[in-house]
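Here are the chains, one letter per residue:
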Amino acid sequence: MRQVTWVDRGQSVTFDRHVDDGPRPSCVGVARLGSLQTSGTVFTVWMQLRGTAWVESKEGKFRLHQREWIAFEKESRPLIQAGRDGVCIGVSLDADALRMLGTLADCSVYTGRGRMSHAEARLALRLWREAQGAGTTIHQLRPLLLHLASLQRELSVTVQRCPGRSRMRKRQVFGRMQRARMYLEGNSHRVVRIGELAELTNFSSWYLSKTFQSLYEESPQSLSARLRLERAAMLLRDTDMMVGEVASASGFDNCCSFARAFRARFGTSATHYRDMREALRPDSAKFKGGSRKSIGAMQS
């Protein structure tokens, strides 16, 4: 088997495993417009070290920024596309690797996303480098696995609130709830139906809604609405799209419903929100004019 470890400078690779090769954890990396399609037999965790990357999976589309991490179940088959200056490292974990993690630390890794500190990112890179190579064994991956589990330490606390008599059942329920949450984050451009989440998690709509509310203190519908409004705010801040276009791109049927929801969430209209953000930009004429007035007032 050819061990894929690095995809760079516009290369495109599909990372599939063959049965005859046997289980073998792999460290992989994507950089500078490279793209990597993972297989459907491994759990994957990705850490953005520099620049940005786009990720497309069954849970939706995500953008990774520097020092962010994201993890996917094996069914997700994420496609990682690095930005022009992006560097993203990852590790693919088969069933044996996940079992070893549970044995070592009595914990697991879950679908989700989060941020790393500078120190955590540097340590992740060092452990990733030490674990990679043609001679990598499951035991050489141990320090990196423990570090990945530590990045999810906040999630481990939430697992205890999951319904279930055994710890294994709690972990299974939490893993599915995390996947539902990721689906909402990855589809912030539209309204997500409860039935979609129920089908994704193999839970009933009633059980899903009740458990989701209990874990995250927010219903799936409320989280979906909040994520769509946050997406709208980002589009108003970072693009030149018209307000009506922003509303449509955020899953709102008409401008009136969008205007009401946006004002309720941010306390101002979408137009005024954009004007305020524009005025605060360092390259804005309003910002420069305000700065000159402030400097003149201080000098006088």
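Cut-off values and rules
Residues numbered from 1 in each chain as written. Predicted model: local features only at pLDDT ≥ 70, side-chain atom pairs only at ≥ 80, totals over all residues. Heavy atoms only, no water. Salt bridge = Lys/Arg side-chain N within 4 Å of Asp/Glu carboxyl O. Helix = DSSP H or I, 4+ residues; strand = E, 2+ residues; numbered from the N terminus. Disulfide = S-S within 2.5 Å. Phe/Tyr/Trp six-rings, centres within 6.5 Å; stacked < 30°, edge-to-face > 60°. Buried < 20%, exposed > 50% of the residue type's maximum accessible area, 1.4 Å probe, protein only. Lys NZ or Arg CZ within 6 Å of the ring centre and 35° of its normal. Expected span 1.5 Å × (residues − 1). Arc of directions from axis to C-beta. Polar contact = N/O pair within 3.5 Å; in protein donor to acceptor, adjacent residues only side chain to side chain. Pairing = 2+ DSSP bridges. Axes fitted to C-alpha atoms, helices over the stretch in contact; angles between N-to-C directions.

Undergrad: Could you clarify how one ought to interpret the pattern of salt bridges in this entry?
TA: When their charged atoms lie close together, side chains carrying opposite charge are able to pair. One pass over the structure, following the stated rule, counts 16 salt bridges. A salt bridge links Asp 96 to Arg 99, with the shortest nitrogen-to-oxygen separation between them at 2.2 Å. With Asp 96 and Arg 99 both in helix α1 (residues 95-105), this residue pair falls three residues apart, about one helical turn. For the salt bridge of Glu 230 with Arg 226, the shortest nitrogen-to-oxygen distance reads 3.0 Å. Taken together, the positions of Glu 230 and Arg 226, both in helix α8 (residues 220-238) and four residues apart, correspond to about one turn of that helix. Each of Glu 68, Arg 113, Arg 115, Arg 181 and Glu 185 takes part in salt bridges that share partners, so that together they form one network.

Undergrad: What exactly am I supposed to notice about the state of the cysteines here?
TA: Here a disulfide denotes a covalent bond joining the sulfur atom of one cysteine to the sulfur atom of another. A complete count under the given rule lists zero disulfides for this structure. Sulfur of Cys 256: no disulfide; nearest cysteine sulfur belongs to Cys 255 and is 7.0 Å away.

Undergrad: How do you make sense of the packing of aromatic side chains when you look at a structure like this?
TA: Given two aromatic rings, their pairing is described by the distance between the two centres and the angle made by the two planes. Following the criterion strictly, the structure yields ten aromatic pairs and no others. Centre to centre, the rings of Phe 252 and Phe 258 are 5.3 Å apart; their planes meet at 65°, and the pair counts as edge-to-face. Neither Phe 252 nor Phe 258 differs from the other in exposure class; each is buried. Measuring from ring centre to ring centre gives 5.4 Å for Phe 266 and Tyr 273, while their planes differ by 50°; the resulting arrangement is tilted. An aromatic cluster is present here, built from Phe 252, Phe 258, Phe 262, Phe 266 and Tyr 273 joined pairwise through their rings. Lying over the aromatic face of Tyr 216, Arg 181 brings its terminal NZ or CZ to 4.7 Å of the ring centre. For Arg 265, the ring lying beneath its charged end belongs to Phe 266, and the centroid distance is 5.2 Å.

Undergrad: Help me understand helix α2 (residues 118-131), please; the structure alone is not making it clear to me.
TA: Since the α-helix turns once every 3.6 residues, residues separated by three or four places project in the same direction. Taking 1.5 Å of rise per residue, the 14 residues of α2 would be expected to cover 20 Å, and the 20 Å separating its terminal C-alpha atoms lies within 8% of that figure. Turning to α2, its buried residues number three or more, namely Glu 120, Ala 121, Ala 124, Leu 127, Trp 128 and Ala 131. Buried residues of α2 fall within an arc of 135° about the axis and therefore sit on the same side. In α2, the exposed positions angled more than 90 degrees off the buried face are occupied by Arg 122 and Arg 129.

Undergrad: Just checking my understanding: could you explain unusual backbone geometry for this structure?
TA: Among all residues save glycine, negative phi is the norm, and among peptide bonds the norm is trans. With phi around 65°, Asn 202 is a residue other than glycine that occupies positive phi space. Mapping Asn 202 onto the fold places it in the loop between α6 (194-201) and α7 (205-216). The backbone phi angle of Glu 217 is positive, close to 55°, even though this residue is not glycine. Along the chain, the position of Glu 217 falls in the loop between α7 and α8.

Undergrad: What should I look at first to understand the side chain of Glu 120 in this one?
TA: Structurally, Glu 120 can be placed in helix α2. A relative accessible area of 16% places Glu 120 in the buried class. A distance of 2.8 Å separates a polar atom in the side chain of Glu 120 from a polar atom in the side chain of Arg 153.

Undergrad: Can you help me understand the sheet that holds strand β8 (residues 79-82) in this one?
TA: What links the strands of a sheet is backbone hydrogen bonding, and the strands pair in either a parallel or an antiparallel sense. One open sheet accounts for five strands, arranged β1-β3-β8-β5-β6; its pairing is mixed. Each end of this open sheet is capped by a strand with a single partner; those strands are β1 (12-15) and β6 (60-64). Going across the sheet, the axis of each strand differs from the next one's by a mean of 15°, ignoring polarity. Sheet analysis places β1 next to strand β3 (residues 35-38), joined by four bridges and oriented parallel. By the bridge assignment, Ser 12 is partnered in β3 with Ser 35.

Undergrad: Quick question: what am I supposed to make of the sheet that holds strand β4 (residues 43-50) here?
TA: Spatial ordering of the open sheet is given by β2-β9-β4-β7-β10, a layout of five strands whose pairing is antiparallel. Every other strand in the sheet has two partners, leaving β2 (26-31) and β10 (112-115) as the edge strands with one partner each. This sheet shows a mean twist of 15° between the axes of neighbouring strands, independent of strand direction. Here β4 runs beside strand β7 (residues 68-72); their pairing, made up of four bridges, is antiparallel. Bridging across to β7, Met 47 finds its partner in Trp 69.

All quantities given are derived from atomic positions and should not be read as evidence of function.
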